[in-house]
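So the chains spell out like this:
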Amino acid sequence: MVSKMNADKYFTLEEQEKIHQAVVDAEQRTSGEIVPMIVATCRPYAEIELGGLAAGLTIGTLAALFLHDPWGPIQTQLSLPLAGGILGYILCRIPAIKRRLIPKTSIADAVHLRSLAAFTAHGLHYTKAHTGILILASLFERRVVVLAGRGINDKVQPGTWDEIVGIIASGLKSKDGCAAFCAAIEECGKILAEHFPRSPDDRNELEDKLVTEQ
């Protein structure tokens, strides 16, 4: 179930430290800020479970009418809609099924909005010269987003972040997410260092740890 996708425990403490160190190393060369983030899901999509409940109730009711026994106990007639509703609800909470029932546009919108909210909530919007980069991976949606401040986007070529997205997406798919995050952070550091080398008076504006949220 979606609720079992625990972003806090996706990486071990050792892996989280490796990602933290990757951020520290990358930011040694640049005045920019990098925030890696992993979330369980970008939104609950509760309408899918409710749809499954309604569909199950409907199918169960139709089955009860079709199999109606006028001499049978009323409890038996009521049990079919109830069982159908519960089964429909449970099935629609299984990630592999639920994900297929959500329109791709809804998933894209949810991931986009969550990444924008996270960009602001974690202070990237307020970094000096707007040189912050958010790397967000969502477990349920199986999507990766890289958001950069306008100071960076004014300098880099369109499509620059596609490679970073691909690195993490491939790593998560192959169950090597830690190495993928570290590689992506290193690449972001190189891009930032090229355009925003670290100055002598530079200070660390944001925490370097992996951010995890449900």
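Everything quoted here is computed from the prediction, not taken from an experiment. (Residues numbered from 1 in each chain as written. Predicted model: local features only at pLDDT ≥ 70, side-chain atom pairs only at ≥ 80, totals over all residues. Heavy atoms only, no water.)

J.: How should unusual backbone geometry be read in this particular structure?
T.: As a rule of thumb, non-glycine residues mostly have phi less than zero, and peptide bonds are mostly trans rather than cis. At tyrosine 45, a residue that is not glycine, the phi angle is positive and equals roughly 55°. The residue tyrosine 45 is located in the loop between strand S1 (33-39) and helix H2 (46-66) in this model. A positive phi angle, close to 55°, is found at arginine 142, a residue other than glycine. By the secondary structure assignment, arginine 142 is in the loop between strand S2 (132-138) and strand S3 (143-148). Residue classification places arginine 142 among the exposed residues on the basis of a relative accessible area of 64%. (Helix = DSSP H or I, 4+ residues; strand = E, 2+ residues; numbered from the N terminus. Buried < 20%, exposed > 50% of the residue type's maximum accessible area, 1.4 Å probe, protein only.)

J.: Looking at this structure, I do not really get helix H7 (residues 162-173). What am I missing?
T.: Residues three or four positions apart in an α-helix share a direction because the helix packs 3.6 residues into each turn. For H7, built from 12 residues, the straight-helix expectation of 16 Å at 1.5 Å per residue is met to within 8% by its first-to-last C-alpha distance of 16 Å. Where H7 is concerned, the buried positions are Ile164, Ile168, Gly171 and Leu172. For H7, the angular spread of the buried residues around the axis is 100°, confining them to a single face. Those residues of H7 that are exposed and aimed more than 90 degrees away from the buried face are Asp162, Glu163 and Lys173. Directly after H7, the chain includes lysine 175, whose backbone phi takes a positive value near 65°. (Expected span 1.5 Å × (residues − 1). Arc of directions from axis to C-beta.)

J.: How should the state of the cysteines be read in this particular structure?
T.: What we call a disulfide is simply a covalent bond connecting the sulfur atoms of a pair of cysteines. One pass over the full model with this rule turns up 0 disulfides. Here cysteine 178 is not cross-linked by a disulfide; its sulfur's nearest cysteine counterpart is in cysteine 182, at 4.3 Å. Residue class for cysteine 178 comes out buried when judged on its relative accessible area of 7%. With no disulfide partner, cysteine 188 has as its closest neighbouring cysteine sulfur the one in cysteine 182, 12 Å distant. Owing to a relative accessible area of 0%, cysteine 188 belongs among the buried residues under this scheme. (Disulfide = S-S within 2.5 Å.)

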